[in-house]
Each structure stands twice: as structure tokens, then as C-alpha cells.
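Observations on chain architecture
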Amino acid sequence: MPKAYAFTRHGGPEVEAFLDLGIPEPGPGQLLVAVRAAGVNPVDWKLRAGKRRPGQAPLAGHEVLGSEVAGVVRGVGPGVEGFAVGDPVFGNPVTGGYAEFTLVPAYIAAHKPDTLSFTDAAALPVAAATAYDGLRQLDLPTGATLLITGAGGGVGVAAVQIARHFGLRVVGTASAGKKEFVESLGAVHVPSGPRLTERIREAVPGGRVDAVFDLVGGTDLAEVAELLTDRGKLITAAAKETVAELGGAPVVRARTSAVLDEVALLAVAGVLRPHVTATYPLDRAGEALRAVEGRHARGKVVIEVTA
């Protein structure tokens, strides 16, 4: 039976388990995908801990972890156009990514370019697409200064690179240990921690920034908001309630094949490097999730599934 890594109730790592599941049947508008790689994201452990997406039904039985995959189409549901069995694809699954097989809606799937590995493609649907959507939402002019909090994580790494490609000056907060890494992406590094805004003001000419792309939330978000004169240029992918109180907005996700095509083109052109810094086989999925849950991962963590 195909194997998948799931949680059977809400809680900590103790609720995770490998399950033997049947191969799902693709419904209308869906692709059955044989998974070759699955990206690991903070949202994975947050869902396990009890977070639910808007409109998502309560947990019933089990839920397979994982929100982004790359693999090969093994079945096409009714009404699907533009995809065929054997196509290499990547996208956002609806039945979890830490698995040998999953279902991906065609509208949030895209063809994987031949020159892009399955491992790198699996790092794009959540992290890179969120970064792309957020930067399009901010719509900053060339030369503007953008502050990105959490610049050393999966979304942050993509956001720094795409922002630089858009002609923006970037200041990125991250732990002191990620200084060299963040600077290699083209950002001015500011170490996270107490008195954050003071250090940012010292690093930025004039002491102010034109926009903030927050990926951390918490006290950091409230603190860096004070750097802005226009709170309409404050967005977050980490704390929707807090950003609303501060006069900003959450990142509005497009969740379309077109965005996936765009980030794939950036990756193929060398503008966007997924920076997968750690890979794990499916049978070590729990370790992969711990690496991200511990908040110390640099770049992206990906689970690779043997064909």
C-alpha cells in the first residue's frame, strides 16, 4: 500500500504517524500525482497543532502533511485540460504532500520545466509563490527600500531574490548565524532580537523603509511597523490578526497556475534559486518537519520520494 506521513489528531510530534493509504481517485478538475518531492513549511506543523485554513472542515480521522509537491501525473480527473499522464508537474496538493501519491487541483498545478529538478520545483508552490504574490501586492517602484523580516527562511529567501530582481533595495532580518547567507542573496542583514528597529534605522539611510514584508509576526511585526509612514505598505504572511490591528494587510495569495509558471521561469533563468539546504527521504519525514518546526532551518527543506 502507498505510504503517507500524517497526523491523526491535533497536538505535537507525538500525533504524527506513517499510514498505509490507497491510491486516491482524481475527481473533477484534479490530477493524481506520483510524488517525487514535497516541500516542508511552517504551515505543516501549525495545521498539525490545530490551525485550520479558512473554510477547512474539522479534522476527521487523519490528515496527510505537506502543502507543496512536485511529481508525475498518473491520472487525470474529468474536466481537466492541458495535462496528461506522464507530465512532470508541481503544485499545491489537497490530500497532503508527504506521500507517495496525492491529488492536485489543475488550477494550482503547473508543468515542471525540464531543466528544473523535482526537488527544486517542490520548493516553489508555497514559499516562492507567497513571496511573488506579496511583492506584486506591494507594487513598489524601482529603487524603493523593502524590509523583509525572517529573510533567512523559505519564503524570505525567495522574497529577497525576487525583490532584488524587481530593482528594490532590501534589508533582511535574520539570526546572526544567517548573516553571510542573507547577504549572499543581496540584502543588508540586520540581526533579529531585542532593539530591532534601532538596528534597522542604523542600517538604512534616513532610518526609514518604504515597505515591510513580514514573515515572523509577534513582537517583531509590531515593532517594525513603526518604521512606516504608510501602513498600507505593511503586509504579513505570518500574523493576519496582528497586521489588521496595525493598519496593514495579510498577503493575498493568487493560487493560480499562472503564478507557478512565473516563479518557475524565474528559477530556470537563475533569478530565483530555491536554496534547498536539506533533503530527507520520506521515511524520515518527521525529522524534516522537526528541522522546520525548530525555526533554525536556512532556506528550504524538502522530502524526496523514491520513484
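Residues numbered from 1 in each chain as written. Predicted model: local features only at pLDDT ≥ 70, side-chain atom pairs only at ≥ 80, totals over all residues. Heavy atoms only, no water.

Judged by side-chain charge, Lys 51, Arg 53, Lys 240 and Arg 255 come together as a positively charged surface patch. On the secondary structure map, Lys 51 appears in the loop between helix 1 (42-49) and strand 4 (63-64). Here Lys 51 falls in the partly exposed class, since its relative accessible area comes to 43%. (Patch = residues over 30% accessible without salt bridge, like charges linked within 9 Å, V, L, I, M, F, W, Y side chains within 5 Å. Areas by Shrake-Rupley, 256 points an atom, 1.4 Å probe, with all protein chains shown as cover. Salt bridge = Lys/Arg side-chain N within 4 Å of Asp/Glu carboxyl O. Lys, Arg positive; Asp, Glu negative; His and termini not counted. Charge placed at Lys NZ, Arg CZ, Asp CG, Glu CD. Helix = DSSP H or I, 4+ residues; strand = E, 2+ residues; numbered from the N terminus. Buried < 20%, exposed > 50% of the residue type's maximum accessible area, 1.4 Å probe, protein only.)

A word on the packing of aromatic side chains. A complete count under the given rule lists two aromatic pairs for this structure. Between Tyr 5 and Phe 18, the ring centres sit 4.6 Å apart and the planes meet at 55 degrees, which makes this aromatic pair tilted. Of this pair, Tyr 5 sits in strand 1 (residues 3-7) while Phe 18 sits in strand 2 (residues 16-20), placing them 13 residues apart in sequence. Judged by its relative accessible area of 8%, Tyr 5 falls in the buried class. Assessed through its relative accessible area of 34%, Phe 18 is described here as partly exposed. On the basis of an interplanar angle of 65 degrees and a centroid distance of 6.5 Å, the ring pair of Tyr 132 and Phe 166 is categorised as edge-to-face. Separated by 34 residues along the polypeptide, Tyr 132 in helix 3 (residues 124-138) and Phe 166 in the loop between helix 4 (154-165) and strand 10 (169-174) bring together distant segments of the chain. (Phe/Tyr/Trp six-rings, centres within 6.5 Å; stacked < 30°, edge-to-face > 60°.)

To continue, consider the pairing of strand 5 (residues 68-76). With seven of its nine residues buried, strand 5 lies for the most part within the structure. Relative to strand 6 (residues 88-91), strand 5 runs antiparallel, the two being bridged by four bridges. Across the sheet, the residue bridging to Ala 70 is Phe 90, located in strand 6. (Pairing = 2+ DSSP bridges.)

This brings us to the pattern of salt bridges. Applying the stated criterion to the full structure yields eleven salt bridges. Notably, a salt bridge pairs Asp 133 with Arg 253, separated by 2.8 Å at the nearest N-O pair. Residue Asp 133 is found in helix 3, and its partner Arg 253 is found in the loop between strand 14 (249-250) and helix 9 (257-268); the two are separated by 120 residues along the sequence. Between Arg 195 and Glu 198 there is a salt bridge; the shortest N-O distance is 2.6 Å. Among the residues examined, Arg 195 registers a relative accessible area of 56% and is labelled exposed. Among the ionic contacts, a cluster of salt bridges with common partners joins Glu 16, Arg 48, Arg 290 and Glu 293.

The next thing to look at is the nonpolar core. Among the nonpolar cores identified, the biggest contains 48 residues, and Phe 90, Leu 124, Leu 146, Ile 148, Phe 213 and Leu 272 are the most heavily contacted of them. Those elements giving two or more residues to this core turn out to be helix 3, strand 9 (145-149), helix 4, strand 10, helix 5 (179-184), strand 12 (211-214) and helix 9. It is helix 3 that contributes the most residues to this core, eight residues altogether. In this view, Leu 272 contacts Leu 124, Ala 128, Ala 158, Gln 161, Ile 162, Val 263, Leu 266 and Ala 267; residues no more than four positions away in its chain are not counted. In this structure, Leu 65, Val 89, Tyr 98 and Leu 282 belong to the second largest nonpolar core, which totals 29 residues. (Core = buried A, V, L, I, M, F, W, Y, C linked by side-chain atoms within 4.5 Å. Contact = heavy atoms within 4.5 Å.)

Relative to the 16 Å expected for twelve residues at 1.5 Å per residue, helix 4 spans 17 Å between its end C-alpha atoms, a close match to the ideal helical length. Counted residue by residue, helix 4 has nine buried out of twelve residues, so it is predominantly covered. Considered for burial, the residues of helix 4 that qualify are Val 155, Gly 156, Val 157, Ala 158, Ala 159, Val 160, Gln 161, Ile 162 and Ala 163. Buried residues in helix 4 make contact with helix 3, strand 9, strand 10, helix 5, strand 12 and helix 9. (Expected span 1.5 Å × (residues − 1).)

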